[in-house]
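Spelled out from the first residue to the last, the chains are:
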Amino acid sequence: MKKVGSIREVAQVTGLSTATISRVVNGANNVSEKTRERVLNACRKLDYLPNSAARALTTSRSRTIAAIIPTIEHSVFAKYVAALEQTLNELNYSLVLAISPAGGDPEVEAARKLLGMGADAIILSGCDHSVELVDLLGRREIPHVFSSVWQPDSPTPTIGYDNYHLANQAVEYLKSKGHEKIAIIHGPLQASDRTRARKAGAQSADSIDVDLSFFETELSVGGGKRATEQILSNGIECTAVLCFSDVLALGTYFCLQEAGISIPNQISVMGFDNLDWSIHIEPSLTTINLPAKRMGHEVARQLVGHLEQSVPIEPTIFHGELIERQSVVQIEG
């Protein structure tokens, strides 16, 4: 097997000092572009990789940012994580990912492990986290942000969406189409403050001649299908089903189609997320677009700016938008 190179061999090949090599591989700014390219080319030829543990000891930085998210099963999280990693990589940082529900002991344990690995900062989903976790990050002075949520009065900066407003917008849209009886399918309320905010936002639109029925289920295609089966078997009268996730909406599609119910001629269906496939199903899904990629880029940019230059992390809202397609029709009269 080919022997990997060392920093001394890179210095010998380039004629530069090991200190200069170290500055380049650590992403220092006080190196000319010509020197940087010279060093990086030599590193590639010699198959030299810097030792991250040694680098952390030298610089007190691992150049690693950690994120704890509830799941990667749904592509809205995949898009967000991909954008996060892309921007961090461009800024010479690495991303470490942990999967854990928010607010409990597993999330605290995940954070402890990530900090033990030397994470310079941590990204958390939503604002609903245990006092123990927040205290842990505060005591260690670990920069952290809450993503996927907008709460301007939060002591921790939030970068994300106003879930309350977006759900309100969705119900108002259905009302404008003449839908007065709307069934709403959502994931577990206890597990997500974003879902609770969406439910509250939907209810706030319940003041002008509209009847809302709520159905809680597991956040999956199967969950959406079972909730829709419950709506049908209980004889719930509705002209529209609003799902707080496109994943749930897909389950609603399957159930209604199996029952021989036409979308949108008999029941309109609306989703939330604008996942990649939502435009390709038949009929194409009316939904709320969440700019997950833009959020990922912004979270990465702000955290690195804070770590590198002590720039304060600014709370940032990303406005979703209604994507009107073929799954919702106007109710006449």
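In the block above lies the structure referred to throughout.
Residues numbered from 1 in each chain as written. Predicted model: local features only at pLDDT ≥ 70, side-chain atom pairs only at ≥ 80, totals over all residues. Heavy atoms only, no water.

So, on to the packing of helix α6 (residues 105-116) against helix α7 (residues 131-139). Two elements in contact, α6 and α7, have axes whose closest approach is 9 Å; the angle formed by their N-to-C orientations is 20°. The angle between α6 and α7 falls in the class roughly parallel. α6 and α7 meet at a crossing whose hand is left-handed. The segment α6 lies against α7, with D105, E107, V108, A111, R112 and L115 engaging E132, L133, L136 and L137. Split into classes, the residues belonging to the contact of α6 with α7 amount to 6 nonpolar, no polar and 4 charged. (Axes fitted to C-alpha atoms, helices over the stretch in contact; angles between N-to-C directions. Helix = DSSP H or I, 4+ residues; strand = E, 2+ residues; numbered from the N terminus. Parallel < 35°, antiparallel > 145°, perpendicular 65-115°, else oblique. Left-handed = near helix turned anticlockwise from the far one by under 90°. Contact = heavy atoms within 4.5 Å. Nonpolar A, V, L, I, M, F, W, Y, C, P; charged D, E, K, R; others polar.)

Turning our eyes to something else, we now look at the pattern of salt bridges. All told, the structure shown has 12 salt bridges when counted by the stated rule. Of the charged contacts, one joins D276 and K79 as a salt bridge, the two residues approaching to 4.0 Å between their closest N and O atoms. Separated by 197 residues along the polypeptide, D276 in the loop between β9 (268-270) and β10 (287-289) and K79 in helix α5 (residues 75-90) bring together distant segments of the chain. The exposure class of K79 is buried, given its relative accessible area of 13%. Salt-bridge contacts for R112 lead to E132; the nearest nitrogen and oxygen are separated by 3.5 Å. With R112 in helix α6 and E132 in helix α7, this pair connects stretches of sequence that are 20 residues apart. The class of R112 is partly exposed, set by a relative accessible area of 36%. (Salt bridge = Lys/Arg side-chain N within 4 Å of Asp/Glu carboxyl O. Buried < 20%, exposed > 50% of the residue type's maximum accessible area, 1.4 Å probe, protein only.)

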